[in-house]
Structure formats: C-alpha cells, structure tokens
Amino acid sequence: MARSETYENDLHLEATKLRLGLPGSNEPEKQSTSNDVVRSNKRASPDMPQDSGSSTNNSDISDARHEDCPPSSKAQIVGWPPVRSYRKNNLQPKRTDQNADTSGMYVKVSMDGAPYLRKIDLKVYRSYEELLQALENMFKVCIGKYSERDGYNGSDYVPTYEDKDGDWMLVGDVPMEMFISSCKRLRIMKSSEAKGLCCL
Amino acid sequence: MTRPGYGYDPPSPDQVLENVLEDVLQFLTCRSDRNAASLVCKSWYQAEALTRSDLFIGNCYAVAPRRATDRFRRVRSVLLKGKPRFADFGLMPFNWGAHSTRWLAAFADAYPCLERIYLKRMSITDYDLGLIANSFSSLKELTLVCCEGFGTSGLAVIASKCRQLRVLDLFEDEVNHDEVDWISCFPETRTCLESLTFDCVEFPINFTALEKLLARSPNLKKLRLNRFVSIEQLHRLLVRAPQLTHLGTASFSPSEAGQPPEQELDYRAAFAACKSLVCLSGFREIAPEYLPAIYPVCANLTSLNFSYANINAEHLRSVICHCHKLQTLWVLDTVGDEGLQAAAATCKDLRELRLFPIEVREDTEGFVSEVGLLAVSEGCRKLRSILYFCQRMTNAAVIAMSKNCPDLVVFRLCIMGRHRPDHVTNEPMDEGFGAIVMNCKKLTRLAVSGLLTDKAFAYIGKYGKLVRTLSVAFAGDTDMALKYVLEGCPKLQKLEVRDSPFGDSVLRAGLHHFYNMRFVWMSACKLTFPACGEIAREMPHLVVEVFTVQEVPVEEEDEFVDTLYMYRSLEGPRNDAPEYVRIL
C-alpha cells in the first residue's frame, strides 16, 4: 500500500475511495478475519504514509495479509478494548441452561510453538469445517482435511482436544454436538507428536 | 523488653533507644513512612525491620524471597503481586511466570505464624494451596485476585485444614473445575468464617453444603455467591443470615423461567431483614422484575455492583433513586446516559464509578457518551475514581469533569474506537486530558484514549506531578510524547504503553528514572533489539524482558520488538522464564 502521498492528497482521492469502515475514519482498507487478529512482528514499512492526525495502526498492516479469508465479523485487535476476558465472556446471561454443562463454550486453544494462548467460542461453529478453518486462520497453519481412517494425515498440524475425562482426543471423530459438550480445551499439535492419535 | 534475673541491670542507652524505637515504630503503618524511617540510620533500619508486620511486594521478581524474609522477621501479613496489568488483556505469553511456589516456601520457612496472604496476578497451583494449608496453621485470611492455576482440589485443602480461616476471597480468578466439592470440606464444627467470596467460580457448588456451612458460621458478614445459585436459593440463605453486610446476589433469577410474581413480597422481606447490608453485587443473570426486592436496603447501600446486570435506564433509576448514601457504583453501559443522569441526581456522595461496555468492540453504536459523563460530573462532585468506556466523547465534557470534580485521583477514560477524535469538533482529545492533569491536582492514576497527539503528553509531563500510573494505547505521534512524561513526572511508577509509535530514543530519555519505577511495559511500539540490549547493559538492576511472537527471535535492525517489559530488581534475571521470553 505504499504510494506517493502528495499526489493522492492533491486529487482528494481519499474522499471518493471505496472502502470498508465507518465514514470519517481513516483506517486503511482491510479485509476482516475471524474474531481476533494476531499481531504481526513486521512493523509498518518505512514508506507507509503517516498522517499528522493519526498514526497507522500496526494491526491494520497485518490485516492486509489476510486476503484469502472470507469476511465474517469485523476484525478485532487482541486485548482491545481493554476488558478482562473473564468479564467479556460472562456478560451474556445463560438463563436457559443453568444446570447445563458449560464446559464446551469458550475454550482455550494452544498451539505447539506459539507463545500466546487464544480463546474461541465453540458454539459459534456449525461444523468441523468452520472450526478448522477458523483455527487455520487464527494460527496461520495448515490443518487439512479430516478423514475417519487416517485422521489428518499429510498436514503439519493436528487438532486435538481434552475431553471431560481428561483424555486427549482427535478432533473430528464424534458428532459436533458431542464434541462441543465434552471439549474442555484445544491443542494444535505438531503432527510428528500426534502419531499415536492418528494411527487408528 | 524485660530481663529475667534477680538484680536490675539498667539497659544501655542504645538498648533504650531501640526499645523506644520499636515501641514507636510499630504504630507506623504506612509503607512509604516505614521505608523512609528505615533509611535514617542503621538502628532505625533494624528497628523498622523488626516491627514491620505487613510485607508488600509489588513485583514478585523485584527481590529474592529470602532477602525479604531475612530482613523482615516478624511479618504477619503478606501482599504479593506478579504479572503486570496488561496480562489481563491477553498480551502476556502463555506461562510467563509469577509462580507462587518459591515465595510460599520462603514464607513457610520464615513466618509459620503468618495470618494473612493476599496474592494478585500470581500463578498459584493446587500444590501451592496445599503448601499454604500445611504451613500456616494460624492463617486467618486468604485473598486471591486475578490469579490462575488452581482448582477446586486446592480450595478443598484450604477449607479443610485452615481451621482459623476467617476470610476466603476469590476475586476474578480462573478456577479449574476439578469436580471436587470444596464447600463440603469446611470443618464440621463452628467455623470462624467472616467472608466467603467465590463469584468467579464458573461451575455449580453443592448448595445444601453451603446452607449447612452458613448455619455453622455465625460470624459470616460477607458472602459473594456465584451465578449458579438461583434467587430462590438466595432467599433461603438470606433468611438464615440477616447479619450480612456484603452480599453477592448470584444469578438473581429464578431457576425455572416464569415463576409467579407473588414471590416478590417474600424477597422484599428477606432483604428488609438484612439491616446491616451495605454492599450488593452479583446480579449475574438478572431477572429485572425481581429488582424491587432490594429497595428496602438501598437507603443504606454504600456500594452497588451492577456490572454484570443487563439493565436499562429505568431499571437503574428505580433502584438508584433510593441510594442516597452510595459511594461506589459499578454498572454496564446498557443503562445509557439516562441511567447515569439518574445516578447523578441521587448519589451526591459518589466516590467511585466504573462503567463497563456490554459489547466489547470498537465498532458498535454504544449506549453512553459525553452526556453521561457530564451528568456525573455535575451531580457527583466528590468523585475520586472513574473508569468509563464509551464510543464517543468530547473534550468539553472531560474539561467540565476536570473542573467539577477536583478530587479525582483516578481518571480512566476508554474511548473504544482507536484514534477517535472529539466527535463534535473532530479535534484530538488533547485538551480534555490536559485539563484533567491541570485541574485535578491529586491525580495519581491516568488512562488515556482516543485521538491524541504529543500535545496531550506535554500536558501530562507539565502538570501530572503526582501521576504514578499511566496507561497509553494507540496514542501519540513521536518519541517526544513519552519524553515529556518521563522527564516531567517524578512520581511515575508504572508505565504501560501499547501500539504507539514510540522508538528507541524514549528508552534513553528515561534512563535517569527507570530505577524509581516498578515497571515499564511497551508492546507493539517501535523499539529495536539493539536499543533494548543497550539499556540492559547500562542498567544492571533492571531486568529487561523481551517477548517475541516468532519462534526464532530475529535480531535484525529493522525488526521491532513485540513487547518490552522491564522492571527494577535486586535479584537479577529470573530463571523461570519460558522460551518466548528473552532476558537481555
């Protein structure tokens, strides 16, 4: 997105540019991704236009890389607005299922080698495909397709989960509803470590 | 100090001085006074060390546990803090640290009679809780705030072994569900319990056991239930414990939808019987039709926490119009500007307001604006502390607050849209925050947001002479901004910055000051590895931690550091850091 700044400003192309975002905001065009954006380590390139009234947001730069993602909810920045995750996750009243097992809603997701844990709401996903797609987007990895016989053979990473009994299981074996109600946390394992799970 | 023996040997002058000093110093409670006293001379240092009974460790890595326990020998109460606040927002890598074990082990060794333990943002395991239970038979109070790593099995051990326990308070912790019925583990006989708080426990507890526990805890004054207790169950507890002063009302809704409303009278009576109730919280799944039940206690309330209650302006008004003595109000933005106006009209004594957003996103309409802030500033002149989340704000309202509420000590305004200007004038929010530091002469804590240029920081540096904590996000234009602050704010202790364009020269500008600070956090700024390394080399008592997202940290010139977290320490670099944390 590096351009010569002065030429653009003279022609007032900003005003007529089509883009996503609230009118009046001068955030650069970005593709939205699933709920959270992982911050990129690469900072703004030196010739990035810097307006005097605002500073470019580093997280917007990383959004520009996600061009293959279907636009879903508007991209959110990690930890912003600054509300503790406990409060964020507990604002929706769950009046109907007071005695229902809530262990399948927001779960932690870890990936081998990634320093930050993430959290996802399992109830948002209607199928395993959607869930795996979201995980691929979140962690920038290839998980591949599930097959009953071979598991996730051929991909670098394998999605696993800890169930209510404390056992680590392969994602995809049981029907989605059963998975959601028994999943306590997710772990995306390196496939080299997951051999025991995949060989059935 | 009496001496055994049959004769009377007059004590030496030095001994007399020490005795007198100890007698006098034990009345000194304020931490900074004690620190000052200990610097006078050696005997004052020793006397102070012997008489300090409350140990405060603001950063668990600032000093080795043994060093603290060697100096202070007669400690009865410890307060230990671990992770910096930005850890709450997911900005800290997994398993970063703040493990409690080594501290607890040192305390077990040095303070077997320890009575109070308060931990904040520490990682504490069930093993650690077991260690506490087995080491401190006199333990009276255990308070865990924003901690994680433990579960119900740890709580069970505490409940069963700490027989002197008066206070077990869990605030906003992440508690693992081990499926142990810890409520049943309290002693069968009368307990000493005065305060039991577990509203952060996100799974059901054994209600029958809880009822029985209440029946044998006659001293219980504070009870904060989790949301797995229905309003019918709450009623049963209330009629048994009308002596409560602090109540967390749990779900505040019926266990099955559609309970007949004549139950309402019953609830009113139950609340009315609680003549000492001053603090209400909970309302986790509120059924607003039950709100009238609390009207009888409103006149005495000093603290009301509706921050999990999805209620509108009218609901709030119906309650708050009775709350003339209210000093603390936590509420959701669903009450809107109108709700805030209602609060401002009645709560003339309000000291603290926290307004949280129900939708934690930047791009929503929002329910509150500068109108609510202005109303609060005009109605609540004694305000000392405010936390306000909104989607739009004006400089005029903030300036008005700075003038109407000169007693402000804490001002935290979060305009949720990044870089958002004054929505009426389209100007940056510089003048608003400038007025706050200029007019609120007692201000010690400030969090800024919205569109801000270096000018705002020039104001902070010029007028924020008492500011101890400053939180900055998506703000400022150049390094000058932080330079103003580091050079102008002599009392600055904690600086937390994220996603702002500040570079290496900021680090050099703060060199003279970093040893006086508890920590500096800068994430997603423009700091380079070499510059951070330089600071680490020049300041031997500063631990400089750098977090990277990538697996293999890259040290190229143009790569910016993800996060810099640095803090003064007498201990030197820690050895429990995970692999993504590099200590330079």
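Residues numbered from 1 in each chain as written. Chains lettered and ligands numbered in written order. Predicted model: local features only at pLDDT ≥ 70, side-chain atom pairs only at ≥ 80, totals over all residues. Heavy atoms only, no water.

The name given to chain B in an unreviewed UniProt entry is Transport inhibitor response 1-like protein, and the organism recorded there is Carnegiea gigantea. What UniProt states about chain B under its Pathway (unreviewed entry) heading is, verbatim, "Protein modification; protein ubiquitination." As recorded by UniProt, the Subcellular location (unreviewed entry) comment attached to chain B reads in full: "Nucleus". (UniProt positions renumbered as here; feature names shortened; annotations may be inferred.)

Under an unreviewed UniProt entry, the name given to chain A is Auxin-responsive protein, and the organism recorded is Carnegiea gigantea. Database annotation for chain A, UniProt heading Sequence similarities (unreviewed entry): "Belongs to the Aux/IAA family." Taken directly from UniProt, the Subcellular location (unreviewed entry) text for chain A runs: "Nucleus".

## Examining the sheet that holds strand β3 (residues 106-111) of chain A
Residue and element names in this part refer to chain A. Ordered in space as β4-β3-β7-β5-β6, the 5 strands form an open sheet in which the pairing is mixed. Sheet topology places β4 (118-121) and β6 (168-170) at the edges, where each strand pairs with a single neighbour. The mean angle between the axes of side-by-side strands here comes to 35°, regardless of whether they run parallel or antiparallel. The sheet contact formed by β3 and strand β7 (residues 185-190) spans 4 bridges and is parallel. When the bridges of β7 are listed, S110 appears paired with R187. Contacts from helix α5 (residues 128-139) reach β3, β4, β5 (157-162) and β7, with the element oriented near 155° to β4. (Pairing = 2+ DSSP bridges. Helix = DSSP H or I, 4+ residues; strand = E, 2+ residues; numbered from the N terminus. Axes fitted to C-alpha atoms, helices over the stretch in contact; angles between N-to-C directions. Contact = heavy atoms within 4.5 Å.)

## Section: the pattern of salt bridges
When charged atoms on two side chains of opposite charge get close, those side chains can pair. Residue and element names in this part refer to chain B. Throughout the structure, instances matching the rule amount to 36 salt bridges over all chains. Its salt-bridge partner being E362, residue R418 comes within 2.9 Å of it at the nearest N-O pair. Highlighted residues: R418 in the loop between β16 (410-415) and α16 (430-439) and E362 in the loop between β14 (352-356) and α14 (370-379), separated in sequence by 56 residues. Across the pair, exposure class does not vary: R418 and E362 are buried alike. (Salt bridge = Lys/Arg side-chain N within 4 Å of Asp/Glu carboxyl O. Buried < 20%, exposed > 50% of the residue type's maximum accessible area, 1.4 Å probe, protein only.)

## Points about the UniProt feature "domain: Transport inhibitor response" (unreviewed entry) in chain B
When the UniProt feature table is mapped onto this chain numbering, "domain: Transport inhibitor response" (unreviewed entry) sits at residues 74-119 of chain B. Annotated as residues 74-119 of chain B, this span is 22% helix and 20% strand, and its ends, taken at the C-alpha atoms, are 19 Å apart.

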